Amino acid sequence: MSNKTVSLLAASLVLAACGPDNDHTKGDATVDLAAEAQRIAHSSIIVDTHIDLPMRLSLQPADIAEATETGDFDYPRAVSGGLNVPFMSIYTGASLEAEGQSFAAAEALIDIVEEIVADAPDKFAVALSPADVRRQFEAGLISLPMGMENGSPIAGDLDNVRYFYDRGIRYITPAHSLSNHLSDSSYDENRQWQGLSEFGKEVIREMNRLGMMIDVSHLSDAAFWQILDISAAPVIASHSSARHFTPGWERNISDEMIVALAEKGGVVQINFGSMFLAAAAQDYYSAMKTAGEAYLAQHPELSMEFLYKQYPAIYAESAGPFPFATLDTVLDHVDHIVGLVGIDHVGLGSDFEGVGNSLPVGLKDVSAYPNLIEGLLRRGYSEADIKKILGENLLRVWEEVEAYAATTSSST
């Protein structure tokens, strides 16, 4: 299914995570960094702005309040990793707009999130604001805020922005893998709007008025720059990484864009997919996708599902195994963004459940955030700065977006 399922092409094997030595010496004192990482993970608000759990559950229902054998997220693993604010992605496939099905698809996924909470109110709660997040953190609940990945469900009606805000949506990614009625997509050669449509610009202003964060992931560069010009509040990249490491790939954001986003107060939430992190993985994925499409053309009896699930093994026989990124590659992206714009403009948007088995060594599911924290400690980040990366930067942006909306008449 569009880029959610084609990401499975990047999964030809799963590598075992190999953790570093647990002890770190400072002078005469030996600090157990693994233990420190666990302590920080379980005493911090950890916000991950992009987890595709609703789509997974729509395809394969499961009780994620208990341990599950598949996927990247369930309650026991989230608790183990310290994850307490996973944004649920309300993702609608790009092709649904032409079919007139985007609105209904979004409604169904929001219903799934509400059912998770209704079935386990002792474990989960919908979060509509940073205040909800902080209150629910103190109560020991996992907050489930929601972001809409693909603005197609707006369906040309500005009132639907308010409708979905009232249903709990707190950010919108205007487009996904195809240009739509709001915006051009980084994945689509059809740049019909040269950025945003006129209606898309109205939607951006309405999101500002309502207190809904604007997400620039997936958009064309032209759309990105227009949003920064239009928005009166900071914006986010909910699940993008630094283009510096994947030169020429528009889906990630460039250094110039990172600087401009930070100057506006925004934050880049780093995607964990190997293709987003390393040029070798991106090159392998692109070559495999091209070869797979040619293979399907030669074998019309096969389905796209074969391409996603079986073809990677066929491709690997000749091309070798998929070159997974590692936890250190993720840390390199953090270092790069911090070096460009400082500690206040970087966070985590893993894309768990959305990038298949392309996840890096050491970050294979939501139990692995302590590994990331330990890596940050080894690189010299302070606990205060780590807490910013884990969630406080994103909460600060969300609060600023709310504060702007409070000054407008349309927010009530």
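Scoring rules and cut-offs
Residues numbered from 1 in each chain as written. Predicted model: local features only at pLDDT ≥ 70, side-chain atom pairs only at ≥ 80, totals over all residues. Heavy atoms only, no water. Helix = DSSP H or I, 4+ residues; strand = E, 2+ residues; numbered from the N terminus. Rg over C-alpha atoms; globule rule 2.2 N^0.38 Å. Buried < 20%, exposed > 50% of the residue type's maximum accessible area, 1.4 Å probe, protein only. Areas by Shrake-Rupley, 256 points an atom, 1.4 Å probe, with all protein chains shown as cover. Salt bridge = Lys/Arg side-chain N within 4 Å of Asp/Glu carboxyl O. Core = buried A, V, L, I, M, F, W, Y, C linked by side-chain atoms within 4.5 Å. Contact = heavy atoms within 4.5 Å. Phe/Tyr/Trp six-rings, centres within 6.5 Å; stacked < 30°, edge-to-face > 60°. Lys NZ or Arg CZ within 6 Å of the ring centre and 35° of its normal.

*Asks:* So what exactly am I meant to see when it comes to the overall build of the protein here?
*Replies:* Within the protein, the regular secondary structure consists of 18 helices and 12 strands. Against the 2.2 N^0.38 benchmark of 22 Å for 412 residues, the protein shows a C-alpha radius of gyration of 20 Å, consistent with a compact globule. The principal-axis extents of the C-alpha atoms in the protein amount to approximately 65 × 60 × 45 Å. The buried share of the protein, reckoned over its 412 residues, is 59%. Accessible surface computed for the protein: about 15400 Å², of which carbon and sulfur atoms make up 52%.

*Asks:* Would you explain the pattern of salt bridges in this entry?
*Replies:* Pairs can form between side chains of opposite charge once their charged atoms are near each other. Applying the stated criterion to the full structure yields 25 salt bridges. For Arg167, the salt bridge is made with Glu107, and the minimal N-O distance between the two is 2.7 Å. Of the two residues, Arg167 is situated in the loop between helix H8 (159-166) and strand E8 (169-173) and Glu107 in helix H6 (residues 102-119); the sequence distance between them amounts to 60 residues. With a closest N to O distance of 2.8 Å, Asp221 and Arg243 form a salt bridge. Taken together, the positions of Asp221 in helix H10 (residues 221-230) and Arg243 in the loop between strand E10 (236-237) and helix H11 (255-263) put the pair 22 residues apart, joining distant regions of the chain. Linked by salt bridges that have partners in common, Glu36, Arg39, Glu383 and Lys387 make up one network.

*Asks:* What's the story with the nonpolar core in this structure? I'm lost.
*Replies:* The tendency in soluble globular proteins is for nonpolar side chains to be buried as a group. Core analysis: the biggest nonpolar cluster contains 110 residues, and Ile51, Phe73, Phe124 and Ile169 have the highest contact counts within it. A per-element tally of this core places H6 first, with seven residues. Grouped together as the second largest cluster of nonpolar side chains are 16 residues, Met213, Val267, Leu394 and Val397 included.

*Asks:* For this particular structure, what's the right way to read the environment of Val113?
*Replies:* Residue position: Val113 is located in helix H6. For Val113, a relative accessible area of 0% puts it in the buried group. Note: C-alpha distance between Val113 and Ser240 (127 residues apart in sequence) is 23 Å. Beyond its immediate stretch of four places on either side in the chain, Val113 contacts Pro54, Met88, Ile90, Val126, Leu144 and Met146.

*Asks:* Is there a simple way to think about the packing of aromatic side chains in this case?
*Replies:* Geometrically, a pair of aromatic rings is defined through the distance of the ring centres and the angle of the planes. In this structure the tally under the stated criterion is 17 aromatic pairs. Ring geometry for Phe352 and Tyr369: centres 6.1 Å apart, planes at 85°, overall edge-to-face. Here Phe352 is found in the loop between strand E12 (346-348) and helix H17 (369-378), whereas its partner Tyr369 is found in helix H17, with 17 residues between them in sequence. Through a chain of ring-to-ring contacts, the aromatic side chains of Tyr284, Tyr295, Phe306, Tyr311, Tyr315, Phe322 and Phe324 assemble into a single cluster. In this arrangement the basic side chain of Arg170 is found over the ring face of Tyr165, its NZ or CZ atom lying 3.7 Å from the centre.

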